[in-house]
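# Structural description and commentary
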Amino acid sequence: MLTLDFHPTGRHFLSIPGPSPVPDRILRAMSLPTIDHRGPEFAVLGKRVLSGIQQVFRTRQPVVIYPGSGTGAWEAALCNVLSPGDAVLMYETGQFAALWHKMAVRLGLKTEVLGLPGAENWRRGVQADLIEKRLRADTQHEIKAVCVVHNETSTGVTSDIQAVRRAIDACKHPALLLVDTISGLGSAEYQHDAWGVDVSISGSQKGLMLPPGLGFNALSARAIEASKTARMPKAYWAWDEMVEMNKTGYFPTTPNTNLLYGLAEACDMLLQQDGGLDAVWARHQRWAEGVRTAVRAWGLEIQCADPAVYSPVLTGVVTPEGVDADKVRQVIWERFDLSLGTGLGKVKGRMFRIGHLGDCNDLTLMAALSGSEMGLKLAGVKLASSGVQAAMEYFAGHPATAVLKKAA
Ligand SMILES: *Cc1c(COP(=O)(O)O)cnc(C)c1O
């Protein structure tokens, strides 16, 4: 029997960095009856979501929408542009980068992983100079793809994708650039075309504010060209039939119609507000700074050690030596009906994660911080001062309108 200290009334506070809270507007859009995916109405929906998601990726090139999770979209990216035994250069920023690497190994690719030595690696973004150095040494152009994670959800560190593009271009290396922006898209700045990305990978349940269940690949002309000769086995994930049929607004197999209703709504929410996507990116930066202000006031460490690449999507909070971060999370969940992200992989038990992605506002973040502060104290953590007080002052003193004006 579940013995809870609270009456689970009101709303659960879902403050994990994905799945993120789904706005009522999207839930309502998804509640419409499922329609015939071969019928005349469907093409209208299909064209609407395909155009909307292109704008969210900031691309004019095709975006493939799969019924699947982000992991499926990772696999789709790899198997559409590569051949068995191809060399791929990856960079370990955290657990998600490590899992993508594990997948590449399972698929039979010849992988090489770059990174900084020791624990530092999970506290900083991709060091583009290491990529450049490695590519320069590859005079035979054996490396076919460079794979990096844009927003490392396990640590709260973003990476400078433009710097990676410049590194590849600086040595005139033909490797394709594959980027996981599963948790970045829709919250952190991302520009598929302008940044010269060949395949961008995303999922529905993070910045796009949807339930889990959709995976995305945004393509480039070079990626499409590579897919014509790539020999990795693929059928369900193959881009060719999908891209061809999408031109008419239809899909080769049954799409998740109701998630697409939600996606159409999400694209409208992201694109049709004052300031558009620029305003979305700016407000996440502001929320992130508010949350970090609280962590600093507590006297706790932020997992990301480089302020230049703090994540606007989530903040990793390191608990003091000897304090199990998962115990803190458990107290917070049991007492205050608030879910925080667990530490993943080698930082399990050492940190927890506060999400500020998707559909937040100042007060949902204040709730997450209040729950965290109460839970930290209940777990016996000595805090330097009140993070809640500090965050309130930050949010009150930095009106969102000022931030949005700057973005416009
Ligand atoms: C969530 C996430 C994934 C995994 O996506 P699933 O939808 O769980 O398969 C991969 N990479 C990053 C950066 C993520 O945030």
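Each chain carries its own residue numbering, running from 1 in the direction its sequence is written. For this predicted model, a pLDDT threshold of at least 70 governs which residues receive local features, and a threshold of 80 or more governs which side-chain atom pairs are given and counted, while totals over whole chains, interfaces and linings are taken from all residues. To obtain the side-chain values, all non-hydrogen atoms of the structure were included, while hydrogens and water were left out.

Selection rule: UniProt positions are given in the numbering used here, feature names are shortened, and annotations may be inferred rather than shown by experiment.
As annotated in an unreviewed UniProt entry, the protein is Aminotransferase class V-fold PLP-dependent enzyme from Ramlibacter algicola. Per its UniProt entry, the protein bears the Cofactor (unreviewed entry) comment "pyridoxal 5'-phosphate". Turning to the protein, the UniProt record has this under Sequence similarities (unreviewed entry): "Belongs to the class-V pyridoxal-phosphate-dependent aminotransferase family."

## Digging into the packing of aromatic side chains
Filter applied, for reference: Only Phe, Tyr and Trp rings take part, Trp by its six-membered ring, and two of them pair if their centres are within 6.5 Å. Stacked means planes under 30 degrees apart, edge-to-face means over 60, and tilted covers everything else. We call a residue buried when its accessible area falls under 20% of the maximum for its residue type, exposed when it is over 50%, and partly exposed in between, using a 1.4 Å probe and counting protein chains only.
One pass over the structure, following the stated rule, counts eight aromatic pairs. An angle of 70° between the planes, with centres 5.3 Å apart, marks the rings of Tyr-190 and Trp-195 as edge-to-face. As far as the burial class goes, Tyr-190 and Trp-195 line up, both buried. Each ring, one from Tyr-394 and one from Phe-395, has its centre 5.8 Å from the other, and the planes form 75°; the classification is edge-to-face.

## Concerning the sheet that holds strand S14 (residues 351-355)
What counts is decided by this rule: By this definition, two strands are paired if DSSP reports at least two bridges between them. The secondary structure listing takes helices from DSSP runs of H or I that are at least 4 residues long and strands from runs of E that are at least 2 residues long, numbered from the N terminus.
Read from one edge to the other, the open sheet built from three strands follows the order S11-S12-S14, with strand pairing classed as antiparallel. Both outer strands of the open sheet, strand S11 (301-302) and S14, are each paired with one neighbouring strand and no more. In this sheet, strand S12 (residues 314-318) lies alongside S11 in antiparallel orientation, the contact comprising two bridges. Within the sheet, the bridge partner assigned to Glu-301 lies in S12 and is Val-318.

## Points about the nonpolar core
Note the cut-off: Residues belong to one nonpolar core when they are buried, are Ala, Val, Leu, Ile, Met, Phe, Trp, Tyr or Cys, and are joined through side-chain atoms within 4.5 Å. Domain extents, as shown, originate in an automatic or database domain assignment. In this analysis, two residues are considered to be in contact whenever any of their non-hydrogen atoms come within 4.5 Å of each other.
Formed by 86 residues in total, the largest nonpolar core has its most connected members in Ile-53, Ile-65, Trp-100, Ile-131, Val-146, Leu-178 and Leu-263. For this core, the element with the most residues is helix H9 (residues 257-271), which contributes nine residues. Three or more residues apiece are contributed to this core by two domains, here domain 1 (13-21 + 276-397) and domain 2 (24-271). If sequence neighbours within four positions are ignored, Ile-53 has contacts with Val-63, Ile-65, Leu-185, Leu-208, Phe-216, Leu-263 and Cys-267.

## A word on the domain arrangement of the protein
Note the threshold: Buried area, as used here, totals the accessible surface that two parts lose on assembly, with accessibility defined by a 1.4 Å probe and the loss added over both. Any carboxyl oxygen of Asp or Glu within 4 Å of a side-chain nitrogen of Lys or Arg constitutes a salt bridge here. Polar contact criterion, stated in full: a pair of N or O atoms within 3.5 Å, where within protein one must be able to donate a hydrogen and the other to accept it, and residues adjacent in sequence count only if both atoms are side-chain atoms. Residues are grouped as follows: nonpolar covers Ala, Val, Leu, Ile, Met, Phe, Trp, Tyr, Cys and Pro; charged covers Asp, Glu, Lys and Arg; every other residue, Gly included, is treated as polar.
Under the domain assignment used here, the protein contains domain 1 (13-21 + 276-397) and domain 2 (24-271). Between the C-alpha centres of domain 1 and domain 2 there is a distance of 27 Å. The interface of domain 1 with domain 2 comprises 33 residues on the first partner and 34 residues on the second. For the domain 1 and domain 2 pair, buried surface summed over both sides reaches about 2,600 Å², with 58% attributable to carbon and sulfur atoms. Viewed at the interface, domain 2 and domain 1 are joined by two salt bridges. Here domain 1 is connected to domain 2 by 14 residue pairs in polar contact (both at pLDDT 80 or more). Elements represented by at least two residues in the side of domain 1 that touches domain 2 include exactly helix H10 (276-298), S11, S12 and S14. Of the residues belonging to the side of domain 1 that touches domain 2, the class tally is 18 nonpolar, nine polar and six charged.

## A closer look at helix H6 (residues 161-170)
For H6, the complete set of buried residues consists of Ile-161, Ala-163, Val-164, Arg-165, Ala-167 and Ile-168. Close packing links the buried residues of H6 with helix H5 (128-137), strand S5 (143-149), strand S8 (176-180) and helix H7 (221-227). Looking at where H6 begins, the residue whose side-chain oxygen comes 3.2 Å from the main-chain nitrogen of Gln-162 is Asp-160. Just beyond H6, the residue with positive phi is Lys-172, at close to 50°.

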